Amino acid sequence: MKNTLNYHNVPKHIAIIMDGNGRWAKKQGAKRIFGHQNAITAVRETTECCTELGVKYLTLYAFSTENWQRPADEVQALMTLLVSTIKKELSTLQKNNIKLLSIGDETLLPKNTQAELRSARESTQNNTGLSLILALNYSGRLEIVKAVKDLVQYIAQEKNTPFDLQKINESFFESFLFTKGIPDPELLIRTSGEQRISNFLLWQIAYTEIYITDVLWPDFRKEHLIEAIVDFQKRERRFGKTSEQIQ
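Before going into details, it helps to say that this report is about the structure given with it. (Residues numbered from 1 in each chain as written. Predicted model: local features only at pLDDT ≥ 70, side-chain atom pairs only at ≥ 80, totals over all residues. Heavy atoms only, no water.)

Topic: the overall build of the protein
Working step 1: Looking only at helices and strands, the protein features 9 helices and 6 strands.
Working step 2: On the principal axes, the C-alpha backbone points of the protein span a range of 65 × 55 × 35 Å.
Working step 3: With 247 residues in all, the protein has 43% of them scored as buried.
Working step 4: Total accessible area on the protein stands at roughly 13,800 Å², and carbon and sulfur atoms take up 49% of it. (Helix = DSSP H or I, 4+ residues; strand = E, 2+ residues; numbered from the N terminus. Buried < 20%, exposed > 50% of the residue type's maximum accessible area, 1.4 Å probe, protein only. Areas by Shrake-Rupley, 256 points an atom, 1.4 Å probe, with all protein chains shown as cover.)

Observations concerning the pattern of salt bridges
Working step 1: What the rule picks out here adds up to 15 salt bridges.
Working step 2: Between arginine 23 and aspartate 19 there is a salt bridge whose closest N-O contact spans 3.2 Å.
Working step 3: The salt bridge partner of arginine 32 is glutamate 74, with a shortest N-O separation of 3.0 Å. Here glutamate 74 lies in helix H4 (residues 72-95) and arginine 32 lies in helix H2 (residues 32-38), a separation of 42 residues in the sequence. (Salt bridge = Lys/Arg side-chain N within 4 Å of Asp/Glu carboxyl O.)

Notes on the layout of surface pockets
With a probe scaled to a water molecule rolled over the atoms, the places where space remains empty come into view.
Working step 1: Estimates place the volume of the largest pocket at around 1,100 Å³.
Working step 2: Lining the largest pocket we find 42 residues, and of these Met18, Asn21, Tyr61, Ala62 and Phe63 sit closest to its centre.
Working step 3: For the lining of the largest pocket, the secondary structure elements donating two or more residues are helix H1 (21-27), H2, helix H3 (40-53), strand S2 (57-64), H4 and strand S4 (131-138).
Working step 4: Here the lining of the largest pocket takes 9 residues from H4, the largest share from any one element.
Working step 5: Residues of the lining of the largest pocket, tallied by class, amount to 21 nonpolar, 11 polar and 10 charged. (1 Å grid on protein atoms, 1.4 Å probe; cavity = no way out; pocket = protein on both sides within 12 Å on 5 of 7 lines; lining within 4 Å. Points joined across faces, edges and corners; volume = space filled by probe spheres on them. Nonpolar A, V, L, I, M, F, W, Y, C, P; charged D, E, K, R; others polar.)

Here's what the structure looks like:
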């Protein structure tokens, strides 16, 4: 009997490492940017499917801090594509009640990219449906180091009052992360078959279920997302407990 989707057990937060654009383009005998351009359909279909299924948060690893090491023309093309895509898709986000958010150090992004992102976030900030989170100039290590720096600065500002170190617990530390106020992903999907985390949401995925597919990201469609969710639904999430303790 074929496994079917349980609409009552859909992950609240799905994160995706969108991998394989370059390899997809190479198979077509084209430059890498051709793969990035054709990946937009995958983003659109995945976002639409998450909206239909009632997913609350979708985080996409769009550009890592390591991606600056790629050829300059590819980086420039990616930034141009990002700006044009946000402009083109903004009306669709509004129509589907989607809120656009972003995480990462955006100060190194081109000024026009920063402006377009800021404008789109402000335009959709009152939307109450899916929160679409773009990880841009993001890395998990960067996020944790920045959180530590901000925490130290916070303590320093309390210099007139002895700081109670017992106050620093996981919840308190999380308030300094890029993802403050966003629940941890329940499902992490990586396309293209690579079995790496690639510096993505290192703090947040402590108990996240990981699903790896050989499908290259430009070929990823709604049916592939549903396959991942069905696989997620077959798993027993114990969070360190035994099966008997859960029962």
